[in-house]
Amino acid sequence: MALKIRLTRQGAKKRPFYRIVVADVRSPRDGRYIEILGTYNPMLAKDDENRVTLKEDRVKHWLGVGAKPTDRVSGFLAAASLGEKIERNNPQKAKPKAKAQERLREAEEAAKAAAEAAAAEAEAPAEEAPAEEAAEA
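Quick summary incoming for the structure in this document.

Each value, and the rule that gives it
Counting starts from 1 at the beginning of each chain's written sequence and moves along it residue by residue. In view of the model being predicted, local features appear only for residues whose pLDDT reaches at least 70, and side-chain atom pairs are presented and counted only at 80 or more, with totals across whole chains, interfaces and linings using the full set of residues. Only hydrogens and water are set aside; all other atoms, that is, all heavy atoms of the structure, feed into the side-chain values. The aromatic pairing rule takes the rings of Phe, Tyr and Trp, using the six-membered ring of Trp, and pairs them if the centres are within 6.5 Å, calling planes under 30 degrees apart stacked, those over 60 edge-to-face and the rest tilted. Helix and strand definitions here come from DSSP, where helices need a minimum of 4 consecutive H or I residues and strands a minimum of 2 consecutive E residues; each element is numbered from the N-terminal end. Only when DSSP finds a minimum of two bridges between them are two strands counted as paired. The contact criterion used throughout is that any non-hydrogen atoms of two residues lie within 4.5 Å. Interaxial angle, 0 to 180 degrees, is taken between N-to-C directions of lines fitted to C-alpha atoms, where a helix line uses only the stretch in contact.

## Some thoughts on the packing of aromatic side chains
Line of reasoning, step 1. Under the definition given, this model contains 2 aromatic pairs.
Line of reasoning, step 2. Here Tyr18 and Tyr40 contribute two aromatic rings whose centre-to-centre distance is 5.8 Å and whose plane-to-plane angle is 25 degrees, an arrangement assigned as stacked. One end of the pair, Tyr18, is in strand β2 (residues 15-24); the other, Tyr40, is in strand β3 (residues 35-40), with 22 residues separating them in the sequence.
Line of reasoning, step 3. Here the aromatic cluster, defined as three or more aromatic residues joined through ring pairs, consists of Tyr18, Tyr40 and Phe76.

## Some points on the sheet that holds strand β5 (residues 68-69)
Line of reasoning, step 1. Pairing is mixed across the open sheet formed by 5 strands, whose spatial order is β4-β3-β2-β1-β5. Strand pairing shows two members of the sheet lacking a second neighbour, β4 (52-54) and β5, which therefore form its edges.
Line of reasoning, step 2. Pairing between β2 and β3: 5 bridges, direction antiparallel. Bridge pairing in β3 links Tyr18 to Tyr40.
Line of reasoning, step 3. Helix-sheet contacts for helix α2 (residues 71-79) involve β1 (3-12), β2, β3, β4 and β5, and the interaxial angle to β1 is about 95 degrees.

Don't take any of this as a statement about function, it's just geometry.
This is the structure:
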């Protein structure tokens, strides 16, 4: 059975309060859990000591058994010096998708064509101007 240390939401609407629990990865977010390991109250100030509470001995036990913390919980554990913070980096996520890349290529080609046309147009009147003056004279 794969285990996660994660948050379950409690509290009223617009007044969140979270429990830090150990749960099976297949159970729903606010569903069944194995044990409560602490709490997280985002409504308190960041420097408040009661914002995050943890049962350190139980957290160590579940980490030893093989439970994996989520990103948010790993940050709490790192702040309590019970584990390392998980740093995620996905540079592919920021890249535009295929259709957007095609649109960008088309826009670049259109801009190049417009620049070439403008350059050709800028050269042409300079050459034609003396011929027109000669025709008028």
